[in-house]
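A look at the structure
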Amino acid sequence: MFALVATPPLGNKSLVTLSVPLAAAGADKLLLCEADEFGGPPDDAVAGRALDAAVARIPPVLVLFPAGGTGAVLGPPLAARLGAPFAPWSDFVVSDADGKSLRGRGRVQVLRLRPDGRTRRRLDPAQIERPIIATVGAGRCPPPTGSERNLEIDVLPMAPPRANRPVARVVAQAPSAHEALPQAAVLVLVADGDSATSAITAAWAERTAGAARGATPSPAPSSPLASLAPLAPAADFGLPLAVAVASADRTPRSVLAACCPEIVIRVDSCTATTARSPRTLVIRATSSDPGGQGPPPDDVDVVWWFGSAAEVVDLALQLGARP
Amino acid sequence: MTAPAETTGATKVAVLLHAAAVMRGPQPLHPTDVHVIRLWRQLGAEIVVLELLGASGVAPRAITESIEAGVDRAVRVVAEPLGAADAHGTGLVVERYLRTLNPDVVAFGVDADPDGLADVPGVVATRLGAAYVPGAVEIARRSGNEDAAPETAAAVPASAFEVVADRAGVLARLALPARAVVGFEAESIVKGVPPLPAEVTPRGPATPQAIRIMTLYDLGLEPTLIRRGDDLRGSVEAASRPLVTTRSAESLVTLLR
C-alpha cells in the first residue's frame, strides 16, 4: 500500500510528523511529491501532476481517495486519464481464498451502493483489467498496524507543468464552516424543531465541558444550538475526532452529500440524508415508541428507541472511540 | 409570466442533462438540472442542453421540461451503442458534440446522475483539455463586471465569471477559464444579479428547430468506438440490509463496533 502526498516542500520535522501516522496506519511506502503549487486547494490542473507521477511510478490496481473532498475533484479526471472506472463512496471485500478457488477473480473487489439502497455494484479489478479509482467514506480509525521504521519515503520527480493548461485560478479562499463534517465517521443529525434537539445539545455541551478539564475551552455559544452549527468541536475537547453532531436544517445539502460516514444517527424527525457506502449504517433514533410511527424510511438499518438525550451522545462517543 | 424570448447572448453554456449519464427510458428533468438552467438564465446566457439516449423511441420528457425551463436549444444524441458505453466512450460522444458547439462553459448538476456517479464530465474536461470545476455553490461576474446590467451580461465572456466551490474543507473562489466544465450543487446561487421571478416559465413556445436529434454518424463517430463489452460500472447484486429494532444502547454498541 502506497500513500501519496502532494505538498509544498517539507522540512525534516514536518516530514516526520507526516510519516508517523501514515506508517502507523500501515502504509508500506510514502510517495512524496513536493512543489510550492501544492499548497492550495486541490485542483486537477495542479495536483494532477502528482497523481500522474505516482501512477506512472507504481501502476496501481486501486487508487483510493480518503473522505474529505479531494476524491470528488481529483478522481474523475484521473480516471479519465487512466481509462479507469470511477467509483465514489466504495467499500471492499477481501477474499482469503487460495489462488485456485479465486478462478480469475480478484482477491480485492470494490463494492458501491446504488442510490436505491437495495442494490450494489461489484467491480473486480482482475476482471476489468484496469485500475479502479475510488473514494471511500469516513471510517473509525482502526488500531495501528505498522511502525515508523517500516515506512520508506520515495520523493517522486515530476514533469514540469504543462504550458497553457487552463487552470481555475484561486482568487480567494477561506475555511468552510463545515470542513470537519466529511471527516466524521459517526455523524449525529438533529432537526431544529425537535424537543430532543435541545436536550442533545445540552448533553453534548456537558460531555465536551467534562472533556475540556484542563484544556482551554472554546468561547461559550450564544445559544445552545450554536454549538451544533455546523459542528460540535469534539476534537477541541479531546473527544473522538470521528464524532460530529450537526443540525441538518443548517447544514447545506451539498455538504451532507459530501459526507459518507460509517454510522449516521438521525434523531426523531430528521430525515436528512448523506452519501452512503455499503458499510454505512443509518440509525433512526427516536424518543417515542417506534411502533406507532409506521415503517421507517427505506435507508434505515436500525431503529433505536432511546431513553434520554445523554444516551444518544454517549452512544455516538462510544461508537466513535478507537476500538 | 413569460420571459422575453430574445435573451440569447454571447455566453454560450452547454448543460449536460443527468450529468451526461446515458438514459434508456424517459427520465424527468432532475431538480438540479432545472436549477442550473435557472442560474444561467439569470446570467443571461444562451443555454443549450444535451441529453444522451441509449435507446430509440424514448419520450423526450427531460428535454421538453428543459425547454419549459427556458433553454434556447436542446440536443438529443440517440444511439444504441451508448447503452453499452462506459464513461470514456460516452465522454467521447459529448466531446465531439461540444467541439461543434464550442460553448464558453459546460455545466452539469453534480447530483443529477441517476446512478450517482457523475463520472462523464471529468472525461469530457480531460478530452477537451478544459478545467474541471465540480462542487460550485456560487457563481458571479468577476469584479469589474458587477456594475454591468443583467441584459449586457450576455456579452460577458466565460472568463469573466467566478465560482465558489468547496475544495476539501476550503471555500475557494475560482476564476473560470474558458470552456471550463463546472459542476453545480443543488443549492448554488448567483451573486450580483437579480433573481428570476419564481413563476417565469418558457421564454416562448419551443420551435421545432429547438430540438435536434443527432446520431453517432452526425458526430463522425463509428458505433464500434463507443460500444463496450463492459460498461465498467460493475455487476449489480442485491444488497442485504435487514432492519434491526432495539431499545438497548449496549446491544447497538456491540452490533456496530
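Up top you'll find the structure we're talking about.
Everything in this summary refers to the structure shown in the same document. Quantities reported herein were computed from a predicted structural model and do not represent experimental measurements.

Here we take up the overall build of chain A. Helices and strands together make up the secondary structure of chain A, namely 8 helices and 14 strands. A burial count over chain A gives 48% of its 323 residues as buried. If you take every contact in chain A between residues at least 6 apart in sequence, the share linking residues at least 24 apart comes to 65%. Here chain A has roughly 14800 Å² of accessible surface; of this, 55% comes from carbon and sulfur atoms.

Let us look at the environment of Leu30 of chain A. Residues and elements named next belong to chain A. Its location among the elements puts Leu30 in strand 2 (residues 29-34). In this structure Leu30 comes out as buried when scored by relative accessible area, which is 0%. In this structure, the C-alpha to C-alpha distance between Leu30 and Ile265, residues 235 residues apart in sequence, is 35 Å.

What follows deals with empty space enclosed by the protein. Enumeration according to the criterion identifies 2 cavities of 30 Å³ or more in this entry. Its boundaries defined by the atoms lining it, the largest cavity holds a volume of some 110 Å³. If you go around the largest cavity, you meet 19 residues; those closest to its centre are Pro85 and Phe86 of chain A together with Asp119, Leu232 and Arg233 of chain B. For the lining of the largest cavity, the secondary-structure elements that each account for two or more residues are helix 3 (70-82), strand 4 (86-94) and strand 6 (119-123) of chain A together with helix 3 (87-101) of chain B. A breakdown of the residues in the lining of the largest cavity according to their chemical character gives 12 nonpolar, 1 polar and 6 charged.

We now examine the interface of chain B and chain A. Counting from both sides, the interface comprises 58 residues of chain B and, opposite them, 69 residues of chain A. Of the roughly 5300 Å² buried between chain B and chain A on both sides combined, carbon and sulfur atoms contribute 56%. Ranking the residues of chain B by area buried against chain A places Leu232, Arg241 and Leu256 of chain B at the top, with a combined share of 14%. Run the count over chain B and chain A and you get 7 salt bridges.

This part is about the pattern of salt bridges. Within this structure, the stated rule accounts for 32 salt bridges over all chains. Note that Asp154 of chain A is salt-bridged to Lys29 of chain A, the shortest N-O span being 3.8 Å. With Asp154 of chain A in strand 8 (residues 152-155) and Lys29 of chain A in strand 2, the pair connects residues that are 125 residues apart, well separated along the chain. No difference in accessibility class separates Asp154 of chain A from Lys29 of chain A, as the two residues are buried. The closest approach of N and O atoms between Arg112 of chain A and Asp115 of chain B, which form a salt bridge, is 3.4 Å.

Take the sheet that holds strand 12 (residues 263-267) of chain A next. Taken in spatial order, the 6 strands line up as 11(A)-10(A)-12(A)-13(A)-14(A)-12(B) in an open sheet, and their pairing is parallel. The open sheet terminates on both sides in strands that have one partner only, identified here as strand 11 (243-247) of chain A together with strand 12 (244-246) of chain B. For this sheet the average axis-to-axis angle between neighbouring strands, irrespective of direction, equals 20°. Packed onto the sheet, helix 6 (residues 249-256) of chain B meets strand 12, strand 13 (281-286) and strand 14 (302-305) of chain A together with strand 12 of chain B and runs at close to 155° relative to strand 14 of chain A.

A separate point is helix 2 (residues 61-69) of chain B. Residue and element names in this part refer to chain B. Buried residues of helix 2: Ala62, Ile63, Ser66, Ile67 and Ala69, and no others. Axial view of helix 2: buried residues confined to an arc of 160°, hence all on one face. Next to the buried residues of helix 2 lie helix 1 (31-42), strand 3 (46-53), strand 4 (73-78) and strand 10 (211-214). Gly70, located one to two residues past helix 2, shows a positive phi value of around 110°.

Right, let's get into unusual backbone geometry. Residue and element names in this part refer to chain B. Phi at His18 takes a positive value of approximately 55°, unusual for a residue other than glycine. Notably, Asn102 is not glycine yet its phi reads approximately 55°, a positive angle. Turning to its location among the elements, Asn102 is positioned in the loop between helix 3 and strand 5 (105-109).

Quick look at the packing of aromatic side chains now. Following the criterion strictly, the structure yields 4 aromatic pairs over all chains and no others. Seen in terms of ring centroids, Trp304 of chain A and Phe306 of chain A are 5.8 Å apart; in terms of plane orientation they differ by 50°. Their pairing is tilted. Neither Trp304 of chain A nor Phe306 of chain A differs from the other in exposure class; each is buried. Note on Trp40 of chain B and Phe161 of chain B: the rings are 5.4 Å apart at their centroids and 80° apart in plane angle, and the pair reads as edge-to-face. Separated by 121 residues along the polypeptide, Trp40 of chain B in helix 1 and Phe161 of chain B in strand 7 (residues 161-167) bring together distant segments of the chain. Of the two residues, Trp40 of chain B and Phe161 of chain B, neither departs from the other in class, the shared state being buried.

So, on to the side chain of Arg76 of chain B. All names here are of chain B. Tracing the sequence through the fold places Arg76 in strand 4. By relative accessible area, which is 7% here, Arg76 ends up buried. Arg76 has contacts with Glu51, Leu53, Val58, Ala59, Pro60, Ile63, Arg212, Ile213 and Met214, leaving out every residue within four places of it along the chain.

Our focus in this paragraph is the packing of helix 3 of chain A against helix 4 (residues 120-128) of chain B. In contact at an axis separation of 8 Å, helix 3 of chain A and helix 4 of chain B are set at 60° when each is read in the N-to-C sense. Along this stretch, helix 3 of chain A crosses helix 4 of chain B, giving a crossing that reads as right-handed. Facing helix 3 of chain A, whose interface residues are Pro76, Pro77, Ala80 and Arg81 of chain A, helix 4 of chain B presents Gly122, Val123 and Thr126 of chain B. The residue inventory of the contact of helix 3 of chain A with helix 4 of chain B, partitioned by class, reads 4 nonpolar, 2 polar and 1 charged.

The subject of this paragraph is the sheet that holds strand 7 (residues 132-136) of chain A. With mixed pairing, 6 strands are arranged side by side in an open sheet as 3(A)-7(A)-4(A)-5(A)-6(A)-11(B). Pairing within the sheet leaves two strands with one partner each, and these edge strands are strand 3 (62-65) of chain A together with strand 11 (235-238) of chain B. Ignoring which end each strand starts from, the neighbouring axes of this sheet average 45° apart. Sheet analysis places strand 4 of chain A next to strand 5 (residues 108-113) of chain A, joined by 5 bridges and oriented antiparallel.

Rules of the game
- Residues numbered from 1 in each chain as written.
- Chains lettered and ligands numbered in written order.
- Predicted model: local features only at pLDDT ≥ 70, side-chain atom pairs only at ≥ 80, totals over all residues.
- Heavy atoms only, no water.
- Helix = DSSP H or I, 4+ residues; strand = E, 2+ residues; numbered from the N terminus.
- Buried < 20%, exposed > 50% of the residue type's maximum accessible area, 1.4 Å probe, protein only.
- Contact = heavy atoms within 4.5 Å.
- Areas by Shrake-Rupley, 256 points an atom, 1.4 Å probe, with all protein chains shown as cover.
- 1 Å grid on protein atoms, 1.4 Å probe; cavity = no way out; pocket = protein on both sides within 12 Å on 5 of 7 lines; lining within 4 Å.
- Points joined across faces, edges and corners; volume = space filled by probe spheres on them.
- Nonpolar A, V, L, I, M, F, W, Y, C, P; charged D, E, K, R; others polar.
- Buried area = accessible area lost by both parts, 1.4 Å probe.
- Salt bridge = Lys/Arg side-chain N within 4 Å of Asp/Glu carboxyl O.
- Pairing = 2+ DSSP bridges.
- Axes fitted to C-alpha atoms, helices over the stretch in contact; angles between N-to-C directions.
- Arc of directions from axis to C-beta.
- Phe/Tyr/Trp six-rings, centres within 6.5 Å; stacked < 30°, edge-to-face > 60°.
- Left-handed = near helix turned anticlockwise from the far one by under 90°.

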